[in-house]
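Okay, here's what each chain looks like letter by letter:
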Amino acid sequence: MPTITTSIRAGRPLLPAEVHGRIVLVGGVAAAAIGFALPLSTALMNILAAVVFLCWLLSGAFLDLPEMVRKNQVALSALLLFFALFAGMFYSTAPLPESFAILKKYRKLLLLVVLMPF
């Protein structure tokens, strides 16, 4: 089981150990289920991605994001590509709503970063 137990800022657990362990377990199961749902159902994958994102927030793993991005080149590449697409959206001659619709297709790059702690 992954250990996402401390906050970088405080150095102490964010939640009681039992609650935290359950959140991490649910996030890990949902992360694994994404792999099975990917070829089967887009709707199920979106629901599982929302569960993983919620568990990522509740577990406090987002506090470790800067350190994880520094140590992991895959996470850094995914974030840089997403933010390059985001910046390019304002440089384009396409209307802003159309640009957001295209950027929305690439939001799965952010999911890659969220899945890493699980």
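What you are looking at is a predicted structure, and each value in this text was computed from that prediction instead of being measured.

S.K.: Got a minute to help me understand a nonpolar patch on the surface in this structure?
M.R.: On the surface, a nonpolar cluster with roughly 500 Å² of combined accessible area is contributed by Phe83, Phe86, Phe90, Leu96 and Phe100. Looking at the nonpolar patch, the elements that each hand over two or more residues are helix H4 (73-91) and helix H5 (96-105). Broken down by element, the residue count for the nonpolar patch peaks at three residues, all from H4. Judged by relative accessible area, Phe100 falls into the partly exposed class, the value being 42%.

S.K.: When you look at the packing of H4 against H5 in this model, what are you seeing that I'm missing?
M.R.: The relative placement of two packed helices is expressed as an angle between their axes plus a distance between the axes. The contact between H4 and H5 brings their axes to 9 Å, and the two run at 165°. With respect to their mutual orientation, H4 and H5 come out roughly antiparallel. Here the hand of the crossing between H4 and H5 comes out right-handed. For the pair formed by H4 and H5, the contact residues are Phe82, Leu85, Phe86, Met89 and Phe90 on the first element and Leu96, Ser99, Phe100 and Leu103 on the second. Residues belonging to the contact of H4 with H5 are distributed by class as follows: eight nonpolar, one polar and no charged.

S.K.: Mind showing me how you'd approach the packing of aromatic side chains here?
M.R.: When we look at a pair of aromatic rings, we describe it by the centre distance and by the angle of the planes. Enumeration over the complete set of coordinates arrives at four aromatic pairs. With centroids separated by 5.7 Å and ring planes inclined at 35°, the aromatic side chains of Phe53 and Trp56 adopt a geometry described as tilted. Of this pair, Phe53 and Trp56 both sit in helix H2 (residues 42-59), three residues apart, roughly one helical turn. Trp56 sits in the buried class, given a relative accessible area of 9%. Seen in terms of ring centroids, Phe82 and Phe83 are 5.7 Å apart; in terms of plane orientation they differ by 75°. Their pairing is edge-to-face. You can call Phe82 buried: its relative accessible area is 10%. Through pairs of rings, three or more aromatic residues link up here, namely Phe53, Trp56 and Phe62.

What counts and what doesn't
- Residues numbered from 1 in each chain as written.
- Predicted model: local features only at pLDDT ≥ 70, side-chain atom pairs only at ≥ 80, totals over all residues.
- Heavy atoms only, no water.
- Patch = residues over 30% accessible without salt bridge, like charges linked within 9 Å, V, L, I, M, F, W, Y side chains within 5 Å.
- Areas by Shrake-Rupley, 256 points an atom, 1.4 Å probe, with all protein chains shown as cover.
- Salt bridge = Lys/Arg side-chain N within 4 Å of Asp/Glu carboxyl O.
- Helix = DSSP H or I, 4+ residues; strand = E, 2+ residues; numbered from the N terminus.
- Buried < 20%, exposed > 50% of the residue type's maximum accessible area, 1.4 Å probe, protein only.
- Axes fitted to C-alpha atoms, helices over the stretch in contact; angles between N-to-C directions.
- Parallel < 35°, antiparallel > 145°, perpendicular 65-115°, else oblique.
- Left-handed = near helix turned anticlockwise from the far one by under 90°.
- Contact = heavy atoms within 4.5 Å.
- Nonpolar A, V, L, I, M, F, W, Y, C, P; charged D, E, K, R; others polar.
- Phe/Tyr/Trp six-rings, centres within 6.5 Å; stacked < 30°, edge-to-face > 60°.

Scope: geometric values only; no functional claims are made or implied.
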